[in-house]
Amino acid sequence: MSRQEVDLLVHSAAQLVTCAGPGPRRGAAMRDVAAIADGAVAIRDGRIVACGTTDDLDAAYAPREELDAGGCTVCPGFVDCHTHVVHAGDRVDEFERRLAGESYAQIAASGGGILSTVRATRAATVPTLMDAAQPRLAQMLALGTTTAEVKTGYGLDTESELKLLRTIDRLDRHQPVELVPTFLAAHAVPPEYRGRAGDYAALVIGEMLPAVAEWHRGSPFARSGRALFMDVYCEPHAFDLAQTRLLLEAARAAGLPLKAHVDQFNALGGLELALGLGAVSVDHLDVATAAGIAALAKSDAIGVMIPAASFHLGTPYADARALIDGGGALALCTDFNPGSAPCPSLPMVMAIACRHQRLLPAEAVNAVTVNAAHALGLGDRVGSLEPGKQADLLVLDMPDHRYLCYEFGGYPVINVVKRGQVVR
């Protein structure tokens with residue numbers, strides 16, 4: 001019997017972590033990474049043809065190229081489902097101010113925080129923003145991220161928000177990490193609308209939302225089946241519950257799937273509101289109530305938690321254990337941004353989550369692969385190693401996936417394969 005030709009065979013993995021099976025993983029199922037000993041993956045035309053043992057796939061397939069995993073671990077490419085990676089400037093001075101005792105809210109009230117990044121981003125051109133973002137994305141790729149969500153929200157006027165979307169589009173076409181855009185004009189109230197959050201929300205609904213929805217319809221993202229999400233930051237210093245409802249309902253009416261920044265510092269009811277409106281994910285959740293976490297666990301939404309922000313700000317960690325034990329679906333992200341989470345590393349996020357949120361290593365791996373993919377509406381495409389899915393995978397310098405969480409602070413990735421091509 002002749003062997004089938006394939007483009008690439010990745011073989012001799014001590015452990016092939018597939019995360020295969022029904023997704024998103026929920027509750028006790030998050031402890032299963034569906035690993036195959038001495039594993040291999042056959043790839044053709046950028047997609048996975050088969051996963052199995054090295055002996056079985058070597059007998060069945062004739063590869064044009066081979067990648068010998070050499071007794072290391074192979075796993076799906078990581079999916080970072082919440083980032084703000086496109087921005088100008090930094091906030092290292094605010095980091096020092098927090099160390100000296102000022103709170104996040106105090107810094108924001110003095111004109112710092114998100115608004116300081118807004119000023120820098122509004123002044124930047126698309127090429128300037130690309131030059132700043134490309135090294136960040138290259139670092140994320142080196143740390144294993146092959147797909148990432150990127151939010152707007154540092155423009156806060158129509159032209160600047162569209163500029164950010166154009167930048168995300170160009171970045172998607174000029175480097176290997178596959179991007180998914182999220183419209184977050186409801187990130188903060190801009191200085192020209194200070195004290196008039198309701199008027200600014202009306203501008204987002206009446207002018208910005210139609211403009212960005214039209215942009216998305218003509219974009220490569222729509223043509224490739226990647227959604228434009230709408231996100232709202234529900235906090236006293238951003239948008240209250242009534243304004244959040246108006247913004248999310250308008251987005252839903254415009255056909256945009258929903259996300260929400262909720263319960264980071266205050267439990268205002270934003271979690272319950274977003275669940276009631278059918279949000280794909282609800283993000284942060286640091287101070288969510290037990291009832292809110294229970295409601296999330298019973299819903300279809302993905303709970304996206306952000307241990308890097310809690311680590312950086314010294315604020316409470318979200319109750320990941322309660323969400324998983326209640327049967328919910330958890331994803332983890334970096335929230336890579338200049339203020340609350342200047343962190344490009346999903347391996348570091350996993351290590352923090354295991355130590356401070358009591359995750360098991362398998363739960364952390366599923367949270368940055370298959371579950372994070374579902375938080376972006378891409379669960380049928382990326383996040384696991386299964387026949388028919390996009391061939392996005394990592395070769396890790398370790399014999400067992402648990403080392404991803406056991407060790408921390410390093411670069412565990414040897415090779416990155418994106419759409420069947422070895423890109424690192």
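Above this text sits the structure in question.
Since the model is a prediction, treat every value here as computed from it, not as a measurement.

Reading guide: rules and limits
- Residues numbered from 1 in each chain as written.
- Predicted model: local features only at pLDDT ≥ 70, side-chain atom pairs only at ≥ 80, totals over all residues.
- Heavy atoms only, no water.
- Pairing = 2+ DSSP bridges.
- Helix = DSSP H or I, 4+ residues; strand = E, 2+ residues; numbered from the N terminus.
- Axes fitted to C-alpha atoms, helices over the stretch in contact; angles between N-to-C directions.
- Salt bridge = Lys/Arg side-chain N within 4 Å of Asp/Glu carboxyl O.
- Buried < 20%, exposed > 50% of the residue type's maximum accessible area, 1.4 Å probe, protein only.
- Phe/Tyr/Trp six-rings, centres within 6.5 Å; stacked < 30°, edge-to-face > 60°.
- Lys NZ or Arg CZ within 6 Å of the ring centre and 35° of its normal.
- Contact = heavy atoms within 4.5 Å.

Participant: Before we move on, can you summarise the sheet that holds strand β6 (residues 78–80) with the specific residues and values?
Facilitator: By way of backbone hydrogen bonds, the strands of a sheet pair with one another, either parallel or antiparallel. The strand order across the open sheet formed by four strands is β6-β7-β8-β9, and the pairing between neighbours is parallel. Of all strands in the sheet, those with a lone pairing partner are β6 and β9 (229–232), marking the two edges. Across the sheet, the mean angle from the axis of one strand to that of its neighbour is 25 degrees, orientation sign disregarded. Bridge analysis of β6 against strand β7 (residues 145–151) gives three bridges, and the strand direction is parallel. Residue V79 lies in a different strand from β7, and its bridge partner there is T147.

Participant: Go over the pattern of salt bridges, please, and point to the residues and values.
Facilitator: In this structure the tally under the stated criterion is 23 salt bridges. Note that R173 is salt-bridged to D169, the shortest N-O span being 3.1 Å. With R173 and D169 both in helix α6 (residues 158–174) and four residues apart, this pair spans about one turn of that helix. With relative accessibility at 11%, the residue D169 sits in the buried group.

Participant: An account of the packing of aromatic side chains is requested, with residue identities and associated values reported.
Facilitator: The description of two aromatic rings rests on the distance between their centres and on the angle between their planes. By the definition in use, this model includes four aromatic pairs. Between Y193 and Y200, the ring centres sit 5.6 Å apart and the planes meet at 55 degrees, which makes this aromatic pair tilted. An identical accessibility class is assigned to Y193 and Y200; each is buried. Residues Y403 and Y406 carry aromatic rings whose centres are separated by 5.8 Å and whose planes lie at 85 degrees to one another, so their mutual orientation is edge-to-face. Residue Y403 and its partner Y406 are located together in helix α17 (residues 403–406), separated by three residues, close to a single helical turn. Looking at Y403, the relative accessible area reads 31%, which means it is partly exposed. Residue Y406 is classed as exposed on the basis of its relative accessible area of 59%. Positioned over the ring face of F229 is K259, at 4.6 Å from the centre of the ring.

Participant: If you had to explain the sheet that holds strand β10 (residues 259–262) to someone new, which residues and values would you point to?
Facilitator: With respect to topology, four strands assemble into an open sheet ordered β10-β11-β12-β13, the strand pairing being parallel. Strands at the two margins of the open sheet, each flanked by one partner only, are β10 and β13 (330–332). Strand-to-strand twist of the sheet, defined as the mean angle between neighbouring strand axes without regard to direction, takes the value 25 degrees. Where strand β11 (residues 281–284) and strand β12 (residues 302–305) come together, three bridges link them in parallel fashion. Bridging across to β12, S281 finds its partner in I302.

Participant: Go over the pairing of strand β1 (residues 4–17) with me, naming the residues and quoting the values.
Facilitator: Pairing of β1 with strand β4 (residues 61–68) involves seven bridges; the strand directions are parallel. Looking at β4, one finds that E5 is bridged to A62. Of the pairings in the sheet, the one linking β1 to strand β2 (residues 35–44) comprises seven bridges and is antiparallel in character. What sits directly across from Q15, in β2, is A37. Sheet analysis places β1 next to strand β5 (residues 73–76), joined by two bridges and oriented parallel. Within β5, the position partnered with L16 by the bridge is V74.

Participant: Kindly report on helix α4 (residues 114–123), identifying the contributing residues and their values.
Facilitator: Of the residues making up α4, those classed as buried are I114, L115, S116, T117, V118 and T121. Against the buried residues of α4 lie α2 (92–99), α3 (104–109), α5 (126–142) and α6.

Coordinates in, geometry out; function isn't part of it.
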